[in-house]
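What follows is each chain in one-letter form.
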Amino acid sequence: MPRGEFSITSKRQMEFIDITRQLTEAIVSYGKINGLCCVFNPHTTAGLTINEGADPAVRDDLVGAIQKILPLEYPYRHNEGNSPSHLMASLMGSSVSLLVTEGRLQLGTWQKIFFCEFDGPRTRRVWYHLQVDME
Amino acid sequence: MPRGEFSITSKRQMEFIDITRQLTEAIVSYGKINGLCCVFNPHTTAGLTINEGADPAVRDDLVGAIQKILPLEYPYRHNEGNSPSHLMASLMGSSVSLLVTEGRLQLGTWQKIFFCEFDGPRTRRVWYHLQVDME
Amino acid sequence: MPRGEFSITSKRQMEFIDITRQLTEAIVSYGKINGLCCVFNPHTTAGLTINEGADPAVRDDLVGAIQKILPLEYPYRHNEGNSPSHLMASLMGSSVSLLVTEGRLQLGTWQKIFFCEFDGPRTRRVWYHLQVDME
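Residues numbered from 1 in each chain as written. Chains lettered and ligands numbered in written order. Predicted model: local features only at pLDDT ≥ 70, side-chain atom pairs only at ≥ 80, totals over all residues. Heavy atoms only, no water.

Asks: What is the right way to look at the overall build of chain A in this model?
Replies: A count of helices and strands for chain A gives 3 helices and 8 strands. Going from N to C terminus, chain A has its helices and strands arranged as β-β-α-β-β-α-α-β-β-β-β. Dimensions along the principal axes, computed over C-alpha positions, put chain A at roughly 55 × 30 × 25 Å. Carbon and sulfur atoms make up 47% of the accessible area of chain A, which totals about 5,500 Å². (Helix = DSSP H or I, 4+ residues; strand = E, 2+ residues; numbered from the N terminus. Areas by Shrake-Rupley, 256 points an atom, 1.4 Å probe, with all protein chains shown as cover.)

Asks: Help me understand the pattern of salt bridges, please; the structure alone is not making it clear to me.
Replies: A pair can form between side chains of opposite charge whenever their charged atoms are brought close. Summed over the entire model, instances satisfying the criterion amount to 21 salt bridges over all chains. The salt bridge partner of Asp133(A) is Arg3(C), with a shortest N-O separation of 4.0 Å. Here Asp133(A), found in the segment after β8 (123–132), pairs with Arg3(C), found in strand β1 (residues 3–9), and the two come from separate chains. Neither residue differs from the other here; Asp133(A) and Arg3(C) are each classed as buried. The salt bridge involving Arg125(B) is made with Glu5(B); its shortest N-O contact spans 3.9 Å. Residue Arg125(B) is located in strand β8 (residues 123–132), and its partner Glu5(B) is located in strand β1 (residues 3–9); the two are separated by 120 residues in the primary sequence. Taking the relative accessible area as the measure of exposure, Arg125(B) reaches 30% and is therefore partly exposed. Using a relative accessible area of 44% as the deciding quantity, one classes Glu5(B) as partly exposed. (Salt bridge = Lys/Arg side-chain N within 4 Å of Asp/Glu carboxyl O. Buried < 20%, exposed > 50% of the residue type's maximum accessible area, 1.4 Å probe, protein only.)

Asks: Teacher, can you tell me more about the relation of the copies chain B and chain C here?
Replies: Two chain copies, one operation linking them: a rotation about an axis together with a shift along it. By a simple turn and slide, chain B fits onto chain C: the slide is 0.0 Å along the axis, the RMSD is 0.0 Å, and the turn is 120°. In the structure described here, the two chain copies are related by an operation that fits a three-fold rotation axis. The overlap is low: 18% of the interface residues of chain B also sit at the interface in chain C, so different surfaces are used on the two sides. (Least-squares fit on C-alpha atoms with pLDDT ≥ 70 in both. Contact = heavy atoms within 4.5 Å.)

Asks: Honestly, the interface of chain B and chain C in this entry has me stumped. Any pointers?
Replies: Size of an interface: often given as the accessible area lost when the parts come together. Listed as interface residues are 33 residues of chain B and, on the opposing side, 35 residues of chain C. At the surface where chain B touches chain C, the tally comes to 2 salt bridges. One salt bridge in this structure joins Arg77(B) and Asp60(C), with 2.5 Å as the shortest N-O distance. Summed over the shared surface of chain B and chain C, the result is 13 residue pairs in polar contact (both at pLDDT 80 or more). For the side of chain B that touches chain C, the elements supplying multiple residues, two or more each, are β3 (35–40), α3 (83–92) and β8 of chain B. Among the elements that line the side of chain B that touches chain C, the one with the most residues is α3(B), at 6 residues. In terms of residue class, the side of chain B that touches chain C is built from 17 nonpolar, 12 polar and 4 charged. (Polar contact = N/O pair within 3.5 Å; in protein donor to acceptor, adjacent residues only side chain to side chain. Nonpolar A, V, L, I, M, F, W, Y, C, P; charged D, E, K, R; others polar.)

Asks: How do you make sense of the packing of aromatic side chains when you look at a structure like this?
Replies: Each pair of aromatic rings is reported with the distance of its centres and the angle of its planes. Residue and element names in this part refer to chain A. By the definition in use, this model includes 18 aromatic pairs over all chains. On the numbers, 6.4 Å between centres and 45° between planes, the contact of Phe16 with Phe114 is tilted. One end of the pair, Phe16, is in strand β2 (residues 15–18); the other, Phe114, is in strand β7 (residues 111–117), with 98 residues separating them in the sequence. Since its relative accessible area comes to 6%, Phe16 is described here as buried. Three or more aromatic residues joined by ring pairs make a cluster, and in this case those are Phe6, Tyr30 and Tyr128. (Phe/Tyr/Trp six-rings, centres within 6.5 Å; stacked < 30°, edge-to-face > 60°.)

Asks: What should I look at first to understand empty space enclosed by the protein in this one?
Replies: By rolling a water-sized probe across the atoms, one finds the places where empty space is left. All names here are of chain B. The tally for this structure, following the rule as stated, stands at 3 cavities of 30 Å³ or more. Counted as a void, the largest cavity has a volume near 430 Å³. The biggest single contributor to the lining of the largest cavity is α3, with 4 residues. Residue composition of the lining of the largest cavity, by class: 16 nonpolar, 18 polar and no charged. (1 Å grid on protein atoms, 1.4 Å probe; cavity = no way out; pocket = protein on both sides within 12 Å on 5 of 7 lines; lining within 4 Å. Points joined across faces, edges and corners; volume = space filled by probe spheres on them.)

Asks: Would you take a moment to explain the relation of the copies chain B and chain A for this structure?
Replies: Once chain B is rotated about the relating axis by 120° and shifted along it by 0.0 Å, it coincides with chain A to within an RMSD of 0.0 Å. The fraction of interface residues of chain B whose copies in chain A are also interface residues is only 17%, indicating that the copies meet through different surfaces.

Asks: Mind showing me how you'd approach the pairing of strand β3 (residues 35–40) of chain C here?
Replies: Consecutive side chains of a regular strand alternate in pointing toward one face of the sheet and then the other. All names here are of chain C. Of all 6 residues that make up β3, 6 are buried, and the element is covered over most of its length. Here β3 pairs with strand β5 (residues 95–101) via 6 bridges, running antiparallel. Note that in β5 the partner of Cys38 across the bridge is Ser97. Where β3 meets strand β8 (residues 123–132), 6 bridges bridge the pair, whose relative direction is antiparallel. (Pairing = 2+ DSSP bridges.)

Asks: Got a minute to help me understand the sheet that holds β5(C) in this structure?
Replies: By definition, the strands of a sheet pair up through backbone hydrogen bonds, in either a parallel or an antiparallel sense. Overall, antiparallel pairing links the 5 strands, which are arranged β1-β8-β3-β5-β6 (chain C) in an open sheet. The open sheet terminates on both sides in strands that have one partner only, identified here as β1 and β6 (104–105) of chain C.

Asks: Just checking my understanding: could you explain the sheet that holds β1(B) for this structure?
Replies: Taking strand neighbours across the sheet as the criterion, the 5 strands line up as β1-β8-β3-β5-β6 (chain B) in an open arrangement whose pairing is antiparallel. The two strands at the open ends of the sheet, each matched to only one other strand, are β1 and β6 (104–105) of chain B.

Asks: Hey, could you run me through a nonpolar patch on the surface in this one?
Replies: Side chains of Met134(A), Met134(B) and Met134(C) sit close together on the surface and give an oily, nonpolar patch of about 240 Å² of accessible area. Among the structural elements, Met134(A) can be located in the segment after β8. (Patch = residues over 30% accessible without salt bridge, like charges linked within 9 Å, V, L, I, M, F, W, Y side chains within 5 Å.)

Asks: Is there a simple way to explain helix α1 (residues 20–28) of chain C in this structure?
Replies: All names here are of chain C. Listed as buried for α1 are Thr20, Leu23, Ala26 and Ile27. For α1, the angular spread of the buried residues around the axis is 135°, confining them to a single face. Every exposed residue of α1 that faces more than 90 degrees away from the buried side is listed here: Arg21 and Glu25. (Arc of directions from axis to C-beta.)

And the structure:
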């Protein structure tokens, strides 16, 4: 059962954190397997996405622009006041799936995997699971 | 081939319906398996998401706020008049993936699985598929 | 290791391209397998989604309306000027998962699989991976 988890600590209320290296190192430890990796976020005010990792301005634009999408004036009823963060979580999604070849995550040239923090700062967990191909 | 489907009936035009219990019962019937569960929505004006299930106000806020995101004034061409519902479906996504440990769905403390109805009320189906880990 | 890729060429800056037939033909070539298909988009200004394929007006509405969601006036910092395209990519998601029964993709009556081009025209690649059920 190749699966596990790791922790990350966000430093701002909202930010996209590159978790590609942590996930890569976790996967490599299982050897040169082929299969599919499911990465899962167990939190309700955070999400996961895959996007450009070369220019840090892109992730700043993503976290900035997603806040502009959501209504501020909507009469939210959830009294913790973080309903927009919950909706952002669903817009990004709770998991990403990636192909794994000989122990390496298959990403496009510019792609990195991001943990989307929408209600930080705090410590968060990321779960992963590997489905190994049959020979 | 551990897979199946179940039905749900929505009562409003738009609502988020907690399907965690139905899915849990379906999965448990396969025994104490380890693996990954893919839940799939075969409808084009509905989606699936994972979000907070403790306070019902959150799901009401989600369904309320997502309607505020979409333009009403855009000159939609699809003559059934439900194009915003189709876009909401794509924003939420057609499937969710979940880890399964000894027959139990692995969710975060506050997470529940929601069927997102965007064009109800009507009866809908939910498909699921279990990938069982190799021993 | 049943996996592969195929190419598509977009003709407009933004458009939703139906890739159901290409994917169906790719999957059929592996025989009458049962399992799960993960389709992955390796680009950062494109996405994948499943939505209505019967009326072409729906996909036109989707690509039109998603551009109305995003702010144009937000002071984006990424100097390639395509930050809205990156956010659209994350809103749609980088992958879709589908059940496969005897070599056939399982879709709802009106569903088709779309490649979401947000920064075309150009040639794009689509990756797919099949997890085969154990007997």
